[in-house]
Amino acid sequence: MNTIIWVNVLGFSDVERHALNAIFRLSALRETAYALWTPEAPAAPAIALIDGDSYEGGLELASPRLNSDIKVIYVGSEPPDPVWRSIGRPVDWSAVLQVMDSAFVAPSNPAPDAKVELDFDLDLESTQYPGLLQGVRVSLLVGMTREDRMYLRSRMALAGLTDVDEAETVLQAQTLLKQRVVGLVVVSLELSDTDPWEFVRSLQHLATPPKAIVVVTEKPSGQLVSRAEQSDCLAVLEIPFSPQHVVEVLLQM
């Protein structure tokens, strides 16, 4: 399992956030991955990436509550003293990644991270967000252990999905589904309170069905995969999760 470094992002334009989300998604295939921090994240942020030209960023830098242990990367002109690193505009996003790696990727063991090519082409003129950021805002995890749900939340955060509801039972899930529209539902096939396939069918008959349904199981089989395809599920994930498979599935959307 790879290490996730949480990044608190303050400020930045939509286009710049697009670039950051691309970095987070691509890093998910490495041993050291970066994810957007939110108050619901399972750990505190290790990095604060601050837009020095934003009001939000200025407030954070002036706050006496700013954690001195967080490595602050300041983007903009005239960086205050002290900050850990500063980068001017236009932002070199490859340089941002290298700065973060300098603190969290061990130089003595670069091989695993080197397998993933991070020299990506960002269309910074586009405001269209690829992958999960297109049309999916809210997700729902149904069933699974707390540890498995927490793991999926961390992987989804890497793909930009940070608004995630959790339900241990179908009854709880149905209550949540009445409260707001959900774009992605991940369902355990080991549900104990109802037939999971019946629940999957019910999702497709909602007034606004989810854009994608993923099923997870501890007992995968060819027959199960065929049934998932016939039920219009995006994919079947096996427990224990394969990090690369999870990322590949999320990036299909």
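Residues numbered from 1 in each chain as written. Predicted model: local features only at pLDDT ≥ 70, side-chain atom pairs only at ≥ 80, totals over all residues. Heavy atoms only, no water.

1. Here's the deal with helix 7 (residues 196-203)
Right, on to step 1. For helix 7, every residue scored as buried is listed here: Pro-196, Trp-197, Phe-199, Val-200 and Leu-203. Looking straight down helix 7, one finds its buried side chains confined to an arc of 155 degrees; they lie on one side.
Right, on to step 2. In this structure Asp-195 caps helix 7, since a side-chain oxygen of it lies 3.0 Å from the backbone nitrogen of Trp-197. (Buried < 20%, exposed > 50% of the residue type's maximum accessible area, 1.4 Å probe, protein only. Helix = DSSP H or I, 4+ residues; strand = E, 2+ residues; numbered from the N terminus. Arc of directions from axis to C-beta. Polar contact = N/O pair within 3.5 Å; in protein donor to acceptor, adjacent residues only side chain to side chain.)

2. Here we look at the packing of aromatic side chains
Right, on to step 1. If you walk through the whole model with that rule in mind, you get two aromatic pairs.
Right, on to step 2. Judged by centre distance (5.7 Å) and plane angle (10 degrees), the rings of Tyr-151 and Phe-241 are stacked. Separated by 90 residues along the polypeptide, Tyr-151 in helix 5 (residues 146-158) and Phe-241 in the loop between strand 10 (235-238) and helix 9 (243-250) bring together distant segments of the chain.
Right, on to step 3. Residue Phe-241 is classed as buried on the basis of its relative accessible area of 13%. (Phe/Tyr/Trp six-rings, centres within 6.5 Å; stacked < 30°, edge-to-face > 60°.)

3. Quick notes on the pairing of strand 7 (residues 163-167)
Right, on to step 1. Pairing analysis gives five bridges linking strand 6 (residues 138-142) to strand 7, with the strands arranged parallel. Across the sheet, residue Ser-139 finds its bridge partner in strand 7, namely Val-164.
Right, on to step 2. Assessed by its sense of winding, the connection that carries the chain from strand 6 through helix 5 to strand 7 is right-handed. (Pairing = 2+ DSSP bridges. Right-handed = clockwise from strand over helix to strand, strands pointing away.)

4. What about the nonpolar core?
Right, on to step 1. Counting 23 residues, the largest nonpolar core has Leu-140, Trp-197, Phe-199 and Val-215 as the members making the most contacts within it.
Right, on to step 2. Only strand 6, helix 6 (170-179), strand 8 (184-188), helix 7, strand 9 (212-217) and helix 8 (222-230) provide two or more residues apiece to this core.
Right, on to step 3. Beyond its immediate stretch of four places on either side in the chain, Val-215 contacts Val-187, Leu-189, Trp-197, Val-200, Ala-228, Cys-233, Ala-235, Val-236 and Leu-237.
Right, on to step 4. With 22 residues, the next largest nonpolar core counts Ile-5, Val-91, Val-99 and Met-100 among its residues. (Core = buried A, V, L, I, M, F, W, Y, C linked by side-chain atoms within 4.5 Å. Contact = heavy atoms within 4.5 Å.)

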